[in-house]
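The lines below spell out each chain.
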Amino acid sequence: MQPQLMMSFSFNALRVGISFVMMCIFYMSAVDSLPELSPQKFFSTLQPGKATLAYFCQADSPSTSIFLEELNEADKPLQDYGISVAKVNCVTEETSRYCGSEKDLMKAYLFRGHILLREFPTDTLFDVDAIVAHVLFALLFNEVKYITTLEDLQNTENALKGKANIAFSYVRAIGTPEHRAVMEAAFVYGTTYQFVLTTEIALLESIGTEDIEYAHLYFFHCKPVLDLTQQCRRTLMEQSLTTLNIHRFMKTMEAPLLTEVAEDPQQVSTVHLQLGLPLVFIVSQQATYEADRTTAEWVAWRLLGKAGVLLLLRDSLEVDFPQNANVVFKRAEEGVPVEFLVLNNIDLIVSRVESNMHIEETHEDEDNDIEGPDMDIQDDEVAETVYRDRKRQLPLELTVELTEETFNETVTASDSIVLFYAGWQAVSMAFLQSYIDVAIKLKGTSTMLLTRVNCADWSHVCAKQNVTEFPVVKMYKEGENPVSYAGMLGTEDLLKFIQLNRISCPVNITSVQEAEEYLSGKLHKDLISYSSVSVLGLFSPTMTTAKEEFTEAGNYLKGYVITGIYSEEDVLTLSNKYAVTLPALLLARHKEGKIESISLANVHAQEIVQIITNASLETFPEITVENLPTYLRLQKPLLILFSDGSINPQHKKAILTLVKEKHLDSLTPCWLNLKNTPVGRGILQAYFDTLPPLPLLAVVNLHSGGQVFAFPSDQTITEQNLLLWLKKLEAGLESHIKILPAQEWKPPLPAYDFLSMMDAATSQHPARKVPECIKETDVQENDKEQPEDKLAIRNEPTGTLRTKHWNRSNWFEEAKKQFRHDNKEL
Amino acid sequence: MGLSAAALLWGLPGLLLTIALHPALSPCPAQASVPAHRDYCVLGAGPAGLQMAYFLQRAGRDYAVFERAPGPGSFFTRYPRHRKLISINKRYTGKANAEFNLRHDWNSLLSHDPRLLFRHYSNAYFPDAGDMVRYLGDFADRLGLHVLYNTTIAHVTLNKDQRAWNGHYFILTDQKGQAYQCSVLLVATGLSVPNQVDFPGSEYVDGYESVSVDPKDFVGQNVLILGRGNSAFETAENILGVTNFIHMLSRSRVRLSWATHYVGDLRAINNGLLDTYQLKSLDGLLESDLTDLAIVKDHEGKFHVTLKFFLEEGNRSADAVPLPQDDNDNFALRVAYDRVIRCLGWNFDFSIFSKSLRLSAGGELSKKYPLVKASYESKGSRGLFVLGTASHSVDYRESAGGFIHGFRYTVRAVHRLLEQRHHGVTWPSTQHPITQLASAIIRRVNEASGLYQMFSVLADVVLLKENATAFEYLEEFPMQMLAQLETITGRRARHGLFVINMEYGRNFSGPDKDVFFYDRSVGHTEDAWLSNFLHPVIYYYRHLPTEQEVRFRPAGWPLPRPTAIHHIVEDFLTDWTAPVGHILPLRRFLENCLDTDLRSFYAESCFLFALTRQKLPPFCQQGYLRTQGLVGTESLRQRGVESGLLWDYATVGRGDSGQQPGDHGPGQHPLAPGPPVSPFDSNKEEL
């Protein structure tokens, strides 16, 4: 809000500056394009019934050029009302009574035909607004009634009851822009309504207006009033008095108060929408029609001039809309869907419209700056959830809190897991919950001590352990270097890491029988659920280098995969059995009950890690939130079978057959169980918009292009169909159903632009930006104007003595006032 | 015969030559023709000298400290005269964070040894100077610092030498004539010369350094004190209860530290006299230029204040000298004084430095300090650094560089500069993925002591890596040297940088400011830039500013105009960890500077993004994709669904999507990237 306000302000200041500059220029060279006529010529051109404003002057003296400039500008608007403007040069040979003597040469005359209507001293016509206002005022003498007392108003009102409506306006002075706007409206509507004008504040006060700072326009609904003792209903126009606003207001006064409709609100259009005003539909049913109509009329009166009110007859309506909605709100903006609301009293409806109007207005004010969402609303899901959950009591006592004093002692005394976190950091605190869940699950069963250090308190401890970001989990074991946990920050994965670390990998296997038990999973019965594979390295006792490499790899994988090593003399029994040459590794897949063998000749530790990691990937895994990253590393398009629940064995068989036949080598085949991974629904919606029937097969080309292809739902998932489809897909014969958006992740919302705010504050008073020549006049004006002046002027009856100086300096006051106002809000 | 004689004659000079050569070759110090060499020589074993010695020792550098007294901290053996230090020794803060606690421990030096914290040396909030002496002694001993005591360096000169690190050596000569050759000279001699103003009658004045501290000596006396600093008020405080009255006279009006936010100005602990002055209890404060002053002694031995130009009119006896009250019978200082005490502060001792060092006085503000750059290196000779109190010209009357709790950090900054310059050890830094940026800043502004004490002098710097995927974090860099950051730190700043500073509000501090005005504190994040109390300010630069830009920065700005700026709104508890009040606006600022999305996401969201978008937000890239996603718990999930930031996927597409929060389209994650907003980066013209 703040920056926008400031922006709009500085924009205004700039505009002020520009118009001043323009004036400066004009003062210096008055451009004169008015017809210049001699008196004789002038009078010969006058047409009967046509109004003409003529300015008689002696010679082109510089002192009159300012007025001429304004007059010149008023030429166009006056012509729009059929009034011509002329400048008459009083040459010496042709004397005319309008050519005054030297001292009162500054006069303009308004003629209708040859008849003189009025004469104006030029200082009354101080600018374009004043010229147009005065001329129209003189011409519309009958249409616009000027009054000064409440009695006048009451008389007019009484006279018109049952006959015509009244447009009553107050302006601070004659010749002001507001006066001009009223006169222009009177020119158009003067025959339809009686216009009444006053400059008396007292009059306005007497009809109960509180804020009399500004010009006002009331519409008196006198025509429907038949009982003379009854007052005319009044509607105040709330917008500022400009020609356009008055026009809009008059239009809405002409429109029917309440319309009944029985069609889709989305399709309904009335004059209100064209005028940029919203529509309010009061939903009615046959049973309650009478009451609804009364309510609607009430609302209509309240919203007169602000919105169109319609009674929507629901029973005959064929459009489906929410059962309980009683109000439909339709904005004037095109393409904005209608809103169905439940509003239980009239005030709510009115305030709804008014708040909406308010937004519209500020939009205009803010120079088309769209008010964005609130920057102070948390849009970080982790931060928000942690904050909302902050009052939950966690059983923190299940973990040991370490301090500077106890840290070293504790981690050296027993095998420990340490969580390094920061109490103020959301991600840390979210993970702390999972960590405590691990502690709950391990309670009383583990030899591993679960501890934690709050680095917000013990920053030196954390720094000493090389922890400079959070959260970090490290495992401290006697005689070993601390190991950082590199898995998912969640209960399951951390639990797995801790459990698998109970055994020291690689496990040293000492007999063939033990090796068989190891491979069958019997040896670590309680652990194999954490490791999908068990790896056994086979070495003859002399292969020291190969053994070292394998041991290093086993160490590296500790906590993620179970590894063992066998290098007894009878190792050949095993290598023969599994038909491998040494050195080699055996890989037991417990779930599938299979044992694979891989040769390890001349392979380094890092490569062994890679081999084991790849080998532990499944051929057709169930993809989950936790394991997706591992499969994404393969950088292949995913072939995903979405299934609501367990996978259909036939589908599984079909895909596995294709895998075996190596048809799917260029893909990562996997399936997704929506029961285990509900977020899969979100994925399907992104692909299809509506949830398609399941199971469903899709190929997602994540790494190049982002196309999504869907296996036709009318085909059954069989080897042949699938193979054919994949062939077509490869050949480019299938069209994708979707391309995943490649949008960059940009800042979700803007930040506060403090730099601009600071600039705005230091640029101080806008007057500085105003060109030099105006600054001087400003000073003069301020000197001249006494504080009481303003009041005195306001109380003057007709305001015909308004001078140009007063007007401009007052305008300047306004600008300053606005500045002060803005400033206060900072 | 002739031949042999010739041989003898020929042989003799050779022998003489050998004899003459011998003493020159032997390493006898008495001759002193080859000075002992040290890479680093530190002058003075006060707090700053010892602090520098500590860092040099830890880095394994060749150094020596020279101290004329028999032990460290000799200044504190005598001063302050009334023995009460005004640096706070806050032993309890309610926090365990040792770094944070240093913010409120103004006496400890930096070390790795937690026993060497001042709170183990005194229980007093304003400790006794004797405890400081004891502390400094322990500091030097425990850490085994190389200090040469009883070594008065009488003269320092410059010796040009191509091989020297800086093109010259500093030659130090002690009182015994022993010379030391130093590659780098670190001057930590403090301010040791009492400031004296010369005016007629100044010989009658007692100096702060020698005036009696026994109140009994002032019983029933009229006392005039010249000066209005802490030493003047400390002296007044001591005798306030026994004198008839005390008048204090100084050039300018008193500067209260709680109004100026400068710890060197008058501290509340010493300002008892302000109270009695304002309550009209006879004591008083006056302002006048001391150089116009004259003091005359009358026949009773009492002192009268008069003006210098009265004396110039003629040489008259003391009792005949015209006094101001002769013309102006309500002249304020018309009473006779029993004592006049001068407490006008201290100056740096320039006398031992040869002209060749071009160590000149006259920082812009005061002549009491030697002139140094913002890197604390002398403007006159490369390799000469001024440390400690004497280095205060850099931030005189602004920050804490003249005091232990400030210069312990600037000394560390100088040491880091030297490590890079002479040993190729780059400025220490940590490197992190960009997702840790907000956390790294939040951590520092909440605990860092150096930033807090040396506000607007030392600042943290974040150097962005290419594409802003990672950053390096450098602590406590002298911010006025920002343009020279690459040479000083040995780190590259090619892809933009952030500078994290702490600042008071503009126009908040000042001797005449009402710092208790209504509405002085700011609570709303959008008004953060109007914060008055010390608060973090973050500057973003797309390019490292040039020296010109730093020098000609806008008035009142500690740094050149940045591309964008962020203020973290001031906090009553100086705890800037509020998720929405502090962290969220900071994240938005960083995001808009870097033009990216720095939110954190649960693994499930990352999973969804991974399968429905071609690009992932940094948090998912740097965490989830590396199998380090944040899984979260069920209760957090529930909260997420409640807040509308997470979907309850179990109900998605089950026909009742009407209950979904907000009006997000189907499948559109509520947190997915929205319409692009214009970041700071793209509308630079407008900024």
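Scoring rules and cut-offs
- Residues numbered from 1 in each chain as written.
- Chains lettered and ligands numbered in written order.
- Predicted model: local features only at pLDDT ≥ 70, side-chain atom pairs only at ≥ 80, totals over all residues.
- Heavy atoms only, no water.
- Contact = heavy atoms within 4.5 Å.
- Buried area = accessible area lost by both parts, 1.4 Å probe.
- Salt bridge = Lys/Arg side-chain N within 4 Å of Asp/Glu carboxyl O.
- Polar contact = N/O pair within 3.5 Å; in protein donor to acceptor, adjacent residues only side chain to side chain.
- Helix = DSSP H or I, 4+ residues; strand = E, 2+ residues; numbered from the N terminus.
- Nonpolar A, V, L, I, M, F, W, Y, C, P; charged D, E, K, R; others polar.
- Phe/Tyr/Trp six-rings, centres within 6.5 Å; stacked < 30°, edge-to-face > 60°.
- Lys NZ or Arg CZ within 6 Å of the ring centre and 35° of its normal.
- Axes fitted to C-alpha atoms, helices over the stretch in contact; angles between N-to-C directions.
- Left-handed = near helix turned anticlockwise from the far one by under 90°.
- Buried < 20%, exposed > 50% of the residue type's maximum accessible area, 1.4 Å probe, protein only.
- Arc of directions from axis to C-beta.
- Disulfide = S-S within 2.5 Å.
- Pairing = 2+ DSSP bridges.

Q: Teacher, can you tell me more about the interface of chain A and chain B here?
A: Where the parts come together, the accessible area they lose is often given as the size of the interface. At the interface, 87 residues of chain A touch 93 residues of chain B. Carbon and sulfur atoms supply 62% of the area that chain A and chain B bury against each other, a total of about 8,300 Å² over both sides. On the chain A side of the contact with chain B, A:E381, A:W424 and A:W745 bury the most area, a combined 12% of that side's loss. In this structure, the connection of chain A to chain B is made through seven salt bridges. Remark: the boundary between chain A and chain B carries 40 residue pairs in polar contact (both at pLDDT 80 or more). Contributing elements (two or more residues each) for the side of chain A that touches chain B: α12 (381-388), α14 (426-442), α15 (459-464), α21 (628-632), β26 (638-643), α23 (679-688) and α25 (754-762) of chain A. Within the side of chain A that touches chain B, the residues separate by chemical class into 49 nonpolar, 19 polar and 19 charged.

Q: Teacher, can you tell me more about the packing of aromatic side chains here?
A: Aromatic ring pairs are described here by two measures, namely the spacing of the ring centres and the angle between the planes. Overall, the coordinates contain 52 aromatic pairs over all chains when judged by the stated rule. Taken together, the aromatic side chains of B:Y54, B:F55, B:F118, B:Y121, B:Y135 and B:F139 make up a single cluster linked through ring pairs. The ring of A:Y387 is capped by A:R390, whose NZ or CZ atom sits 3.9 Å from the centre of that ring. It is B:K95 that lies over the ring of B:F100; its NZ or CZ is 4.6 Å from the centre.

Q: Teacher, can you tell me more about the side chain of A:S575 here?
A: Residues and elements named next belong to chain A. Along the chain, S575 falls in helix α19 (residues 571-577). Only 3.1 Å separates the side chain of S575 from the backbone oxygen of L572, close enough to count as a polar contact. Dropping the residues within four chain positions of it, S575 is found in contact with L538, V580 and L582.

Q: Please clarify how the pattern of salt bridges should be interpreted in this entry.
A: Side-chain pairs of opposite charge can arise where the charged atoms are in close proximity. Scanning all chains against the criterion turns up 49 salt bridges over all chains. For the salt bridge of A:K728 with A:E734, the shortest nitrogen-to-oxygen distance reads 3.6 Å. The salt bridge partner of B:R163 is B:D161, with a shortest N-O separation of 3.1 Å. Connected through salt bridges with shared partners, the residues A:E384, A:R388, A:D389, A:R392, B:R639 and B:E642 form a single ionic network.

Q: Got a minute to help me understand the packing of helix α2 (residues 47-58) of chain B against helix α11 (residues 404-423) of chain B in this structure?
A: Residue and element names in this part refer to chain B. Contact geometry for α2 and α11: axes closest at 9 Å, N-to-C directions at 40°. The handedness of the crossing between α2 and α11 comes out as right-handed. Along the contact surface, α2 presents P47, A48, Q51, M52, F55 and L56, while α11 presents I404, F407, R408, V411, R412, V414, H415 and L418. For the contact of α2 with α11, the residue count by class is ten nonpolar, two polar and two charged.

Q: I keep staring at the side chain of A:T176 and nothing clicks. Help me out?
A: Residue and element names in this part refer to chain A. The residue T176 is located in the loop between β7 (166-170) and α6 (177-189) in this model. Side-chain polar atoms of T176 contact the backbone oxygen of A173, separated by 2.9 Å. Apart from the residues lying within four places of it in its own chain, the contact partners of T176 are D129 and V171.

Q: Would you take a moment to explain α25(A) for this structure?
A: An α-helical turn contains 3.6 residues, so a residue and the one three or four places further along point in the same direction. Every buried residue of α25(A) is listed here: A:F754, A:L755, A:M757 and A:M758. Within α25(A), the buried residues cover an arc of 160° as seen down the axis, which keeps them to one side.

Q: Honestly, the state of the cysteines in this entry has me stumped. Any pointers?
A: Note on terminology: disulfide describes a covalent bond linking the sulfur atoms of two cysteines. Tallying each qualifying case throughout the model produces four disulfides over all chains. Residue pairing for A:C455: its cysteine sulfur links by disulfide to A:C462, the two sulfurs lying 2.0 Å apart. The sign of the -95° torsion about the S-S bond sets the A:C455-A:C462 disulfide as left-handed. Each member of the pair, A:C455 as well as A:C462, carries the same accessibility label: buried. Between the sulfur atoms of B:C41 and its disulfide partner B:C182 the distance amounts to 1.9 Å. Looking down the S-S bond of the B:C41 and B:C182 bridge, the torsion is -80°, so its handedness is left-handed. Separated by 141 residues along the polypeptide, B:C41 in strand β1 (residues 36-43) and B:C182 in strand β6 (residues 179-187) bring together distant segments of the chain. One exposure class covers both B:C41 and B:C182, and it is buried. Disulfides within chain B link the bonded cysteines, taken in sequence order, as 1-2, 3-4.

Q: Can you help me understand the sheet that holds strand β17 (residues 416-421) of chain A in this one?
A: Strand pairing in a sheet is mediated by backbone hydrogen bonds. Such pairs are either parallel or antiparallel. All names here are of chain A. Strand order in the open sheet formed by five strands is β16-β18-β17-β19-β20, and the pairing between neighbours is mixed. Only two strands of the sheet have a single partner each, and these edge strands are β16 (400-401) and β20 (483-484). Relative to strand β18 (residues 449-454), β17 runs parallel, the two sharing six bridges. Bridged to Y421 within β18 is N454. Across the sheet, α14 touches β17, β18 and β19 (472-476), and the angle it forms with β17 is around 160°.

Q: Where do I start with the sheet that holds strand β24 (residues 584-589) of chain A in this structure?
A: Residues and elements named next belong to chain A. Strand order in this open sheet of five strands is β21-β23-β22-β24-β25, and the pairing throughout is mixed. The two strands at the open ends of the sheet, each matched to only one other strand, are β21 (507-508) and β25 (594-599). As paired elements, strand β22 (residues 533-538) and β24 share six bridges and run antiparallel to each other. Within the sheet, the bridge partner assigned to V533 lies in β24 and is R589. In the packing of helix α20 (residues 605-615) onto the sheet, the strands contacted are β22, β23 (562-566), β24 and β25, and the crossing angle to β24 comes to about 25°.

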